[in-house]
Amino acid sequence: MSAEHPTLPPVRLRADAELARDALAAPLLAHAVRLARWAGPDTRVDAGGELVDEQLPEAVGVLGLTDDEDGELWAGDAWRLAVDTGLVDVQDGTEGTGDEDGTPGRAAPGENLALVTGGSPQDVLALWLDGFDAVFGDAVAPVIDDIDAIVGEDGEIDIEALDWDPEAEAEFLEGVLGNLYLLTVSDGGPGDGPVPLPALAASMVVPDDMGEPTDDVLEQVSDAMMRLDEQFRLLEPIGLVAYQPVDEALMAEEGEEPAPPVDDEDVTRYGMVRLTPLGLYGVRARMLEAGVDAPAVGDLADKGADALLDGIALYPEAAAREETAGWLAGRDALGAARELLHAARGTDAGSPLRRLHCQQTLSLVGPEAEPAVREVLDDAELGGLARVWLAERGAADVPAPPESMIFWLAIDTIAAQLDADGDLEELQELIEGLAGRHGGFFEAAWRVEHPATGEVLEAMGRLHRDKTVAKEARKAAFKARSRSGG
């Protein structure tokens, strides 16, 4: 696989306007906005910018959570998010308030509050991403059960006593979200469906080459599950995930961690999680910021044909078709066809797959492309492709290809399918069909002046299910290698 190919399948993202609506509807951000609108000269905060205790009941009332036993926790979390995202500005008590001891301070709506109603969808999403970053930081913060045990004689928290590695914690959660993202966008994954928490925890803990997990590894999976349970409970209110928590009834005793499930019947009781459409957007944004190649369908719409054909090289079929349809939309059919055919030329390792995708893209172009296709009928690399396109449309006056072009196209087609890493049975059927359709195929094929001739014939020798024919292919591959000096 080329290093230039994307490492992740392309994701289908919703429109920015729809994602922005989802962002503003996320409970934690919606609460933060309401508190930002409520904040004013009489809103008092402590030295850390938190609402003072006397203000919490009013904040809870503003949020309509008076009857919620967790109302003050919700209000505190929403206020912190409002401060972290610039929805609220806080001043300490020395800045014109008359409270020279530094507390309490005052709060007021921040500049970013105007973006909620007056900003673009992109502005709202940028605000939400700031909120996601803040909540992510809370999720990887240490869990402190006994504050007194980590406070030193000077009253400061002893960081070393926490036994907490912030980089390792962040890396672990990033990895979990990355695995969840990959499961969501991959063909054969759950798609929009939820992922069992034990499977997600195991993906981070159990080595790939391990058969039956040891008791120690299972204990690590249980530890990871419980940590993830806490983290997903924090990430759900910002709209990143939809989460069904671990069933507390599984805990035999207070504080006891459940063992991973041993069958599929009760797996949902161990927690189920999925990324929301907004969560897909958010995790991808973090990946891009970290330098990860995480393509999205539509990324190539304004790029040239060369970028399109290279970019979709390893896209699943449906995503490639959607990407190419978007690329063609609004383009002049004849000009697009000429650009595609020009980009498909070459003898580099990726050229056969480019030509395959060129042919598939041209299948979406109407009859207006015919002049461009006829222009390359005599081209050694594109002539076979052009004849296939014309024949599929029942065009008249399609010249018969010379024998050399027939065999060159056969080698090029198999080379492309090998690079595409598609269905093995389909590839075998293609190989057996080509070998059986042309008498003396291998005697002619080893002479083809194509950079992939030897590699293709070797593959035919491996994959052809008729042992006699496979042996012929291997002999032809040897001749091709000898002739080319490879």
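Residues numbered from 1 in each chain as written. Predicted model: local features only at pLDDT ≥ 70, side-chain atom pairs only at ≥ 80, totals over all residues. Heavy atoms only, no water.

Enquirer: Help me out: how do you make sense of the sheet that holds strand β4 (residues 195–196) in this one?
Expert: Adjacent strands of a sheet form backbone hydrogen bonds with each other and so pair up, either parallel or antiparallel. With antiparallel pairing, 3 strands are arranged side by side in an open sheet as β4-β6-β5. The open sheet is flanked by β4 and β5 (241–244), the only strands paired with a single partner. In terms of strand pairing, β4 meets strand β6 (residues 272–275) through 2 bridges, oriented antiparallel. Bridging from a neighbouring strand, P196 pairs with M272 of β6. Along the sheet, helix α9 (residues 215–235) contacts β5 and β6; its crossing angle with β5, the most-contacted strand, is approximately 130 degrees. (Pairing = 2+ DSSP bridges. Helix = DSSP H or I, 4+ residues; strand = E, 2+ residues; numbered from the N terminus. Contact = heavy atoms within 4.5 Å. Axes fitted to C-alpha atoms, helices over the stretch in contact; angles between N-to-C directions.)

Enquirer: Honestly, the side chain of T43 in this entry has me stumped. Any pointers?
Expert: Looking at the element boundaries, T43 is found in the loop between α2 (27–38) and β1 (44–45). For T43, a relative accessible area of 4% translates into the label buried. (Buried < 20%, exposed > 50% of the residue type's maximum accessible area, 1.4 Å probe, protein only.)

Enquirer: So what exactly am I meant to see when it comes to the pattern of salt bridges here?
Expert: Pairs may arise between side chains of opposite charge once their charged atoms sit close together. All chains considered together, the criterion is met by 24 salt bridges. Close ionic contact of E18 with R14 constitutes a salt bridge, the shortest N to O distance being 3.3 Å. Taking the shortest distance from any N to any O, the salt bridge between R447 and E443 comes out at 2.6 Å. The class for R447 is partly exposed, based on a relative accessible area of 46%. (Salt bridge = Lys/Arg side-chain N within 4 Å of Asp/Glu carboxyl O.)

Enquirer: Hey, could you run me through helix α12 (residues 317–328) in this one?
Expert: Three- or four-residue spacings in an α-helix give side chains the same orientation, since the helix completes a turn every 3.6 residues. Counted at 1.5 Å a residue, the expected span for α12 with its 12 residues is 16 Å, and the 16 Å between its end C-alpha atoms agrees. Looking at the buried positions of α12, the neighbouring elements they touch are α11 (305–311), α13 (333–344) and α14 (351–362). Following α12 by one or two positions, G330 adopts a phi angle in the positive range, close to 85 degrees. (Expected span 1.5 Å × (residues − 1).)

Enquirer: Can you walk me through the nonpolar core in this structure?
Expert: Soluble, globular proteins show a tendency: their nonpolar side chains are buried together. Core analysis: the biggest nonpolar cluster contains 75 residues, and W79, L87, W128, Y181, F232 and L240 have the highest contact counts within it. The residues touching Y181, leaving out its near neighbours within four places in the chain, are L8, V11, L275, L280, V283, R284, M287, A294 and P295. Ranked by size, the runner-up nonpolar core spans 31 residues in total, among them V297, I312, A319 and A372. (Core = buried A, V, L, I, M, F, W, Y, C linked by side-chain atoms within 4.5 Å.)

Enquirer: Explain the environment of G40 to me, please; I cannot follow it from the model alone.
Expert: Along the chain, G40 falls in the loop between α2 and β1. Taking the C-alpha atoms as reference, G40 lies 4.8 Å from A108; in sequence the two are 68 residues apart.

Enquirer: Is there a simple way to think about the packing of helix α6 (residues 121–139) against α9 in this case?
Expert: Think of two packed helices as two axes; the pair is described by the angle between the axes and how far apart they sit. Closest axis-to-axis distance for the α6/α9 pair is 9 Å, and the angle between their directions is 155 degrees. Here α6 is positioned roughly antiparallel relative to α9, judged by the angle of their axes. By crossing handedness, the relation of α6 to α9 is classed as right-handed. Contact residues: α6 offers F132, V135, F136, D138 and A139, while α9 offers R227, Q231, L234 and L235. Here the contact of α6 with α9 is built from residues that sort into 6 nonpolar, 1 polar and 2 charged. (Parallel < 35°, antiparallel > 145°, perpendicular 65-115°, else oblique. Left-handed = near helix turned anticlockwise from the far one by under 90°. Nonpolar A, V, L, I, M, F, W, Y, C, P; charged D, E, K, R; others polar.)

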